[in-house]
Amino acid sequence: MAAVPERDYDLVVVGASFAGAACAIAAAQYGLRVCVLERKRDPGLKLHTTGIIVKEAAERTWLNRVPAHLVRKVDRVRLYAPNLRNVALQVPDYYFLTTDTPNLMRWLADEMRDQGVDLRLAQPFTQASRETSTQRGRWHLPGIGRTHWLVGADGAKSRVAQRFGMGGVRHFLYGMEYEFAGLELREPEALHCFVNKALAPGYIGWATQNPTGVQFGLAFRHRASRKGTPDIDALRALVGHRIGIPDDLTPSAIRAGLIPCGGPVAPLARPGVILTGDAAGIVSPVTAGGIHSAWQHGWTVGEAVARHLRDGGPSPERIAERAAPRYRIKRALRWAFDHAQMDWPFDLMLGSAPMRWAAERVYFHRSSGGTA
Ligand SMILES: Cc1cc2nc3c(=O)[nH]c(=O)nc-3n(C[C@H](O)[C@H](O)[C@H](O)COP(=O)(O)OP(=O)(O)OC[C@H]3O[C@@H](n4cnc5c(N)ncnc54)[C@H](O)[C@@H]3O)c2cc1C
């Protein structure tokens, strides 16, 4: 295949997932010349997300255009205590969307292309250097071209952050998930969540119905002292028969990955380089939901770069820093969960008014209004 000649861009984004797509589409809307580098040859491969979209993102962002056949509504949470007593939590009009995630990612790639973004698949970012020695000289990416701004939307182990000596994510959850294509849960309208300190220290297990099958996962707080992967088979043995996962069914695919849980990295921006999404640590430390926040922050960065270049608007680096949620309360909750998680309050109090109150705030964002 002949090499693509180098080109001039306003913005090069590394990573074609949620944060990168939002950033690229927002900038392209202003007429910027945008290139996205994605190391995978197919954006739907090697996923490391369950892909559940919260209502706020489903209604108030570009994701409200996702074709109906790629999503499925889940309108309640069924929360299981360690002793498997359980309770349904529901708030009027609130819902989550589970997704056919591989095809959602391919749809996002098509949306980028439709907006004029030059999406280069199978193209890992490795390095960039200043064309001149000044802080405002353009970046040169060998084999790609030149750009005024570079955005790292390349996930929790960001190569962009490493290359430019920016803040790295240091606190993680480790999540692992089985997919069962074609399977239907006994209660498909619910997101099933399992509290269990032994199997999921610092987080939970979950099962959910998506448009093409079932996802069943488990995550724990990642620590140097905790070896191995989440024991998803032990959780399956415990709960599979209750929710409708047969013992002898082989998973059709496995997803796994690290989830930042310590709040935004510092520094998140340097002159001409900005991190966003997981690369910037912008994930709720409590729920581990990162799609909505990645989308919001990525979009803000794309718009800020465009406004700066078009109209001399404020510094995109400063806007990126300011727009990053600090998660102060959620970081405190994360600390408490890491240091004082106990099973007995769930066994004893599940379904009680205080427990419901707390759970609704975590799952349905009732008091925070989103990603605070
Ligand atoms: C098991 C698991 C389940 C999760 N479930 C949910 C959920 O249900 N709902 C939710 O809201 N959040 C969930 N999260 C968190 C959520 O998936 C992330 O916060 C979100 O995907 C962040 O998007 P992002 O674009 O910042 O990064 P990522 O989705 O990590 O994407 C980074 C992209 O950059 C590419 N890339 C990496 N390095 C390079 C390079 N050097 N050159 C070019 N490309 C590169 C990668 O291939 C990838 O496409 C989950 C996370 C995990 C691990």
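Calculation criteria
- Residues numbered from 1 in each chain as written.
- Predicted model: local features only at pLDDT ≥ 70, side-chain atom pairs only at ≥ 80, totals over all residues.
- Helix = DSSP H or I, 4+ residues; strand = E, 2+ residues; numbered from the N terminus.
- Rg over C-alpha atoms; globule rule 2.2 N^0.38 Å.
- Buried ≥ 20, exposed ≤ 12 C-beta atoms within 10 Å, placed from the backbone.
- Contact = placed C-beta atoms within 7 Å.
- Near = placed C-beta within 6 Å.
- Nonpolar A, V, L, I, M, F, W, Y, C, P; charged D, E, K, R; others polar.
- Pairing = 2+ DSSP bridges.
- Axes fitted to C-alpha atoms, helices over the stretch in contact; angles between N-to-C directions.
- pLDDT = per-residue confidence, 0-100.
- Core = buried A, V, L, I, M, F, W, Y, C linked by C-beta atoms within 7 Å.
- Expected span 1.5 Å × (residues − 1).
- Parallel < 35°, antiparallel > 145°, perpendicular 65-115°, else oblique.
- Left-handed = near helix turned anticlockwise from the far one by under 90°.

## Observations concerning the overall build of the protein
Here is step 1: Counting its regular elements, the protein contains ten helices and 18 strands.
Here is step 2: Taken over C-alpha atoms, the radius of gyration comes to 21 Å for the protein, in line with the 21 Å a tight globule of 372 residues would show.
Here is step 3: Each principal axis of the C-alpha atoms in the protein carries an extent, and together these give about 65 × 40 × 40 Å.
Here is step 4: Per-residue burial for the protein yields a buried fraction of 47% across its 372 residues.
Here is step 5: For the protein, the share of sequence-separated contacts (at least 6 apart) that also reach a separation of at least 24 residues comes to 73%.

## Here's the deal with the site of the ligand
Here is step 1: Inspection of the region around the ligand gives 37 residues, with Gly15, Thr49, Gly175, Gly277 and Gly290 positioned closest.
Here is step 2: Those elements giving two or more residues to the shell around the ligand turn out to be α1 (18–29), β12 (172–181), β16 (253–260) and α6 (291–311).
Here is step 3: Partitioning the shell around the ligand into residue classes produces 14 nonpolar, 15 polar and eight charged.

## So, the sheet that holds β12
Here is step 1: Reading across from one edge, β6-β5-β13-β14-β15-β12-β16 is the order of the seven strands in this open sheet, with mixed pairing throughout. On the outer flanks of this sheet lie β6 (86–89) and β16, each paired with one strand and no other. Each strand axis lies, on average, 20 degrees off the axis of its neighbour in the sheet, ignoring direction.
Here is step 2: Pairing geometry for β12 and β16, over eight bridges, is antiparallel. Bridge pairing in β16 links Tyr178 to Ile254.

## Considerations on the confidence of the model for the protein
Here is step 1: Mean pLDDT over the protein stands at 94; residues scoring 70 or higher make up 97%.
Here is step 2: When the criterion is pLDDT under 50, residues 367–372 qualifies, and its contacts beyond four places in sequence or with other chains add up to nine contacts.

## Quick look at the pairing of β12
Here is step 1: Taken across its ten residues, β12 has eight buried, putting it largely inside the fold.
Here is step 2: Where β12 lies against strand β15 (residues 213–221), nine bridges are found, and the strand directions are antiparallel. Note on β15: the bridge partner recorded for Leu173 is Arg221.

## Considerations on the sheet that holds strand β7 (residues 96–99)
Here is step 1: If you trace the three strands from one edge of the open sheet to the other, you get β3-β7-β4, paired in antiparallel fashion. Strands at the two margins of the open sheet, each flanked by one partner only, are β3 (53–54) and β4 (71–74).
Here is step 2: Note that β4 and β7 share four bridges and pair antiparallel. Each residue of the ladder has a partner; that of Val71, found in β7, is Thr99.

## Remarks on unusual backbone geometry
Here is step 1: Cis rather than trans, the peptide bond between Ala266 and Pro267 has omega equal to -5 degrees.
Here is step 2: Even without being glycine, Lys46 reaches a positive phi, approximately 45 degrees.
Here is step 3: If you trace the backbone, Lys46 turns up in the loop between β2 (34–37) and β3.
Here is step 4: For Lys46, a count of 13 C-beta atoms within 10 Å gives the class partly exposed.
Here is step 5: Positive phi outside glycine occurs at Asp93, with the angle close to 70 degrees.
Here is step 6: Within the secondary structure, Asp93 is located in the loop between β6 and β7.

## Some points on the nonpolar core
Here is step 1: Cys23, Ala24 and Val34 are the most contacted members of the largest nonpolar core, which has 111 residues in total.
Here is step 2: Counting residues per element, this core draws most heavily on α1, at ten residues.

## Looking at α6
Here is step 1: For α6, which comprises 21 residues, the first-to-last C-alpha distance of 30 Å matches the rise-based estimate of 30 Å (1.5 Å per residue) to within 8%.
Here is step 2: Two residues or fewer past α6, Gly312 is found with a positive phi of approximately 65 degrees.

## Considering the packing of α1 against α6
Here is step 1: Contact geometry of α1 with α6 gives a least axis separation of 7 Å together with a crossing angle of 30 degrees. Taken together, the axes of α1 and α6 lie roughly parallel to each other. Classified by chirality, the crossing of α6 by α1 is right-handed. Within the contact between the two elements, α1 uses Phe18, Ala19, Gly20, Ala22, Cys23, Ala24, Ile25, Ala26 and Ala27 and α6 uses Ile291, Ala294, Trp295, His297, Gly298, Trp299, Val301, Gly302, Glu303, Val305 and Ala306.

## What about the packing of α6 against helix α7 (residues 316–323)?
Here is step 1: The geometry of α6 relative to α7 is characterised by a closest axis approach of 9 Å and an angle of 160 degrees between their N-to-C directions. On the basis of the axis angle, α6 is roughly antiparallel to α7. The element α6 and its partner α7 pack so that their crossing is right-handed. Between α6, through His297, Thr300, Val301, Ala304, Val305 and His308, and α7, the contact on the second element is made entirely by Pro316, Ile319, Ala320 and Ala323.

## A look at the environment of Ala57
Here is step 1: If you trace the backbone, Ala57 turns up in helix α2 (residues 55–60).
Here is step 2: Looking at Ala57, the number of C-beta atoms within 10 Å reads 25, which means it is buried.
Here is step 3: Separated by 238 residues in the primary sequence, Ala57 and Trp295 place their C-alpha atoms 8.1 Å from one another.
Here is step 4: Non-local contacts of Ala57, meaning those with residues more than four positions away in its chain, are made with Leu63, Ile291, His292 and Trp295.

## Concerning the environment of Leu37
Here is step 1: Structurally, Leu37 can be placed in strand β2.
Here is step 2: On the basis of neighbour count, Leu37 is assigned to the buried category, with 25 C-beta atoms found within 10 Å.
Here is step 3: The sequence separation of Leu37 and Ala323 amounts to 286 residues, and the corresponding C-alpha distance is 24 Å.
Here is step 4: If sequence neighbours within four positions are ignored, Leu37 has contacts with Val12, Val14, Arg120, Gln123, Phe125 and Ile144.

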